[in-house]
2 protein chains.
Amino acid sequence: MERNLSLYEKVREDILSGEFDEKEKMTEIKLAKKYEVSRTPIREVLKQLEFEYLVKNGYIYKPSPEDYRNLFEMRTLIETHAIEKAILLFGPSDINDLKNSIEKAYAGPEDETLSANKYFHDKLISSIRNPFLSETYERMNSIIYLFSRTVVERQRPNLIEEHAQIVEAIEERDVAKGKRLIKEHLDKDLEFSLYYM
Amino acid sequence: MERNLSLYEKVREDILSGEFDEKEKMTEIKLAKKYEVSRTPIREVLKQLEFEYLVKNGYIYKPSPEDYRNLFEMRTLIETHAIEKAILLFGPSDINDLKNSIEKAYAGPEDETLSANKYFHDKLISSIRNPFLSETYERMNSIIYLFSRTVVERQRPNLIEEHAQIVEAIEERDVAKGKRLIKEHLDKDLEFSLYYM
DNA sequence: CAGTTAATAAATGTATACATTTCTATTTAA
DNA sequence: TTAAATAGAAATGTATACATTTATTAACTG
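Residues numbered from 1 in each chain as written. Chains lettered and ligands numbered in written order. Predicted model: local features only at pLDDT ≥ 70, side-chain atom pairs only at ≥ 80, totals over all residues. Heavy atoms only, no water.

Regarding its fold elements, chain A presents 10 helices and two strands. Taken against the 2.2 N^0.38 rule, which gives 16 Å for 197 residues, the C-alpha radius of gyration of chain A at 18 Å falls within 12% of a compact globule. Seen along its three principal axes, the alpha-carbon backbone of chain A occupies a region of about 55 × 30 × 30 Å. Within chain A, residue pairs in contact and separated by at least 24 positions form 73% of the contacts whose partners lie at least 6 positions apart. Accessible surface, chain A as shown: approximately 10500 Å² in total, 50% of it carbon and sulfur. The distance from the centre of the 31 positive side-chain charges to the centre of the 38 negative ones in chain A is 4 Å. (Helix = DSSP H or I, 4+ residues; strand = E, 2+ residues; numbered from the N terminus. Rg over C-alpha atoms; globule rule 2.2 N^0.38 Å. Contact = heavy atoms within 4.5 Å. Areas by Shrake-Rupley, 256 points an atom, 1.4 Å probe, with all protein chains shown as cover. Lys, Arg positive; Asp, Glu negative; His and termini not counted. Charge placed at Lys NZ, Arg CZ, Asp CG, Glu CD.)

See below:
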């Protein structure tokens, strides 16, 4: 079932699949020709992609390790906050959702693991029930995707086990443990990925 | 010395000073006429204002109390994180800056107090040294301004004293105390303002 | 030859016409 | 009388021409 991708989705996919030369400026005019639209919608799309840390000026945004650390600091701040809320709010059904995503991640092929892991973190974030914080998190979706892809493809050790431990902490309603575990989990993702990227 | 305000600054000021009827849609066409420009720059400005939680769809964004609580949850998360960093990083000169802003806030007329208080919080945020978190904070600038104006104008009790206590906690390098105080401080700002707004 | 300046090209910024969508109000049918 | 349908108006979406700014490169000068 082929969905009709929006212009934004098309450009985003092309960026994530490495279609663009990061040395060459993506001028509005060139993009307009490439996607056979006028400059007007291209401008909107570029704005959105800058918002998501994929483009800067007119270039593919190649964040420095420092930038990635800063982005992960923001991500960690939000997910740590989310754990606290999850421990407060999650019932058996929510915890079951988390456990199922862990099972799927273990069982599946790479891309199933990838999407199951995404589900795990998104479920955690859902506990916040704060659209402003959620949006700030979602803004990092593309960056988070790039890192998740790396840790799954290059098989970072203990990746899924750590998810299981986090669920344990939630079941035990142990806030300090949960926060510590999620922080360690994300730190490892970051360092592992920076090593390979 | 009259600076030449950008279109964005003009519209933003007009919104903050209550120039627009919140029931009436700010259509691109009407705004273009009002500010004597074409729809193109108006669109950009509207996007920016939506980004800052001042406009939604084409209407003045009138956040619900729930929205304000959520925005303050995000603000508190960031400022609490900042305190931790400040306790780790701030030297005597930084602490002195904070103290000076408190003196100014005590001494000055209303608008001096307002800007001194803004300085206090911005200085705190500067300890984060993370452009992504700073931007997320600055995005709330307009909202924060509206609240600060209310608490200063309506003379919320203990406002400046609480700043002084926070500086104490930083000097004592007491993280738990600092976090607790900033959280209480912001909670009071929120509740006080919601009562009056 | 290095560094500045001027000329040119190419990009972004802005205005505007036209296309499409969304909203509003009025008619029509149940 | 309510609800659905529809015509008209008004908004946003898109393309494009023109204005302005920025970048590039060629020419000039010390």
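To continue, consider the packing of aromatic side chains. For the coordinates displayed, the defined rule picks out 11 aromatic pairs over all chains. Pairing Tyr195 of chain A with Tyr196 of chain A gives two aromatic rings, centres 5.1 Å apart and planes at 90°, and the pair type is edge-to-face. A relative accessible area of 66% means that Tyr195 of chain A is categorised as exposed. Geometry around Phe90 of chain A places Lys123 of chain A over its ring, the cationic atom sitting 5.5 Å from the centre. Taking NZ or CZ as reference, Lys56 of chain B lies 5.3 Å from the ring centre of Tyr61 of chain B, over its face. (Phe/Tyr/Trp six-rings, centres within 6.5 Å; stacked < 30°, edge-to-face > 60°. Buried < 20%, exposed > 50% of the residue type's maximum accessible area, 1.4 Å probe, protein only. Lys NZ or Arg CZ within 6 Å of the ring centre and 35° of its normal.)

This part covers the UniProt feature "domain: HTH gntR-type" (unreviewed entry) in chain A. The feature "domain: HTH gntR-type" (unreviewed entry), as given by UniProt, occupies residues 7–61 of chain A in the numbering adopted here. Helix makes up 56% of residues 7–61 of chain A and strand 7%, with an end-to-end C-alpha separation of 19 Å. (UniProt positions renumbered as here; feature names shortened; annotations may be inferred.)

What follows deals with the protein's contact with DNA strand D. The environment of DNA strand D is made up of Val37, Ser38, Arg39, Thr40 and Pro41 of chain A together with Lys25, Thr27, Glu28, Ile29, Arg39 and Arg43 of chain B. Among the atoms of DNA strand D lying within 4 Å of the protein, the sugar-phosphate backbone contributes 47%. Glu28 of chain B has a polar backbone atom sitting 3.1 Å from a phosphate oxygen of DNA strand D. Within the side chain of Arg39 of chain B, one N or O atom sits 2.9 Å away from a base nitrogen of DNA strand D. Every element with two or more residues in the surface near DNA strand D is listed here: α3 (39–51) of chain A together with α2 (28–35) and α3 (39–51) of chain B. Among the elements that take part in the surface near DNA strand D, α3 of chain A stands out by supplying three residues, more than any other. Residue composition of the surface near DNA strand D, grouped by class: three nonpolar, three polar and five charged. (Near = heavy atom within 4 Å. Polar contact = N/O pair within 3.5 Å; in protein donor to acceptor, adjacent residues only side chain to side chain. Nonpolar A, V, L, I, M, F, W, Y, C, P; charged D, E, K, R; others polar.)

Moving on to the interface of chain A and chain B. You'll often see interface size given as the accessible area lost when the parts meet. With 23 residues of chain A at the interface, the matching set in chain B holds 23 residues. Of the roughly 2000 Å² buried between chain A and chain B, counting both surfaces, carbon and sulfur atoms make up 54%. It is Glu73, Leu77 and Phe132 of chain A that lose the most area in chain A upon contact with chain B, and together they represent 33% of the buried surface on that side. At the junction of chain A and chain B, the tally comes to eight salt bridges. Glu44 of chain A is the salt-bridge partner of Lys47 of chain B, the closest N and O atoms lying 3.2 Å from each other. Where chain A meets chain B, there are 12 residue pairs in polar contact (both at pLDDT 80 or more). Elements that contribute at least two residues to the side of chain A that touches chain B include exactly α3, α4 (65–89) and α7 (131–138) of chain A. (Buried area = accessible area lost by both parts, 1.4 Å probe. Salt bridge = Lys/Arg side-chain N within 4 Å of Asp/Glu carboxyl O.)

For the rest of this paragraph, the subject is the pattern of salt bridges. All names here are of chain A. The full count for this structure, using the stated rule, is 44 salt bridges over all chains. The salt bridge partner of Lys34 is Glu19, with a shortest N-O separation of 2.8 Å. One end of the pair, Lys34, is in helix α2 (residues 28–35); the other, Glu19, is in the loop between α1 (7–16) and α2, with 15 residues separating them in the sequence. With a closest N to O distance of 2.9 Å, Arg39 and Glu28 form a salt bridge. Remark: Glu28 occurs in helix α2 and Arg39 occurs in helix α3; sequence separation between them is 11 residues.

Residue and element names in this part refer to chain A. Partitioning chain A into domains gives domain 1 (7–60) and domain 2 (65–196). Of note, the centres of domain 1 and domain 2, computed from C-alpha atoms alone, are 29 Å apart. On the domain 2 side, the residues contacting the six residues of domain 1 number 10 residues. For the pair domain 1 and domain 2, the two sides together bury roughly 790 Å², of which 60% comes from carbon and sulfur. Looking only at domain 1, the three residues that lose the most surface to domain 2 are Leu16, Phe51 and Tyr53, adding up to 74% of its buried area. Remark: the boundary between domain 1 and domain 2 carries zero salt bridges. Taken together, domain 1 and domain 2 are joined by four residue pairs in polar contact (both at pLDDT 80 or more). Grouping the amino acids of the side of domain 1 that touches domain 2 by side-chain chemistry returns four nonpolar, no polar and two charged. (Domains from an automatic or database assignment.)

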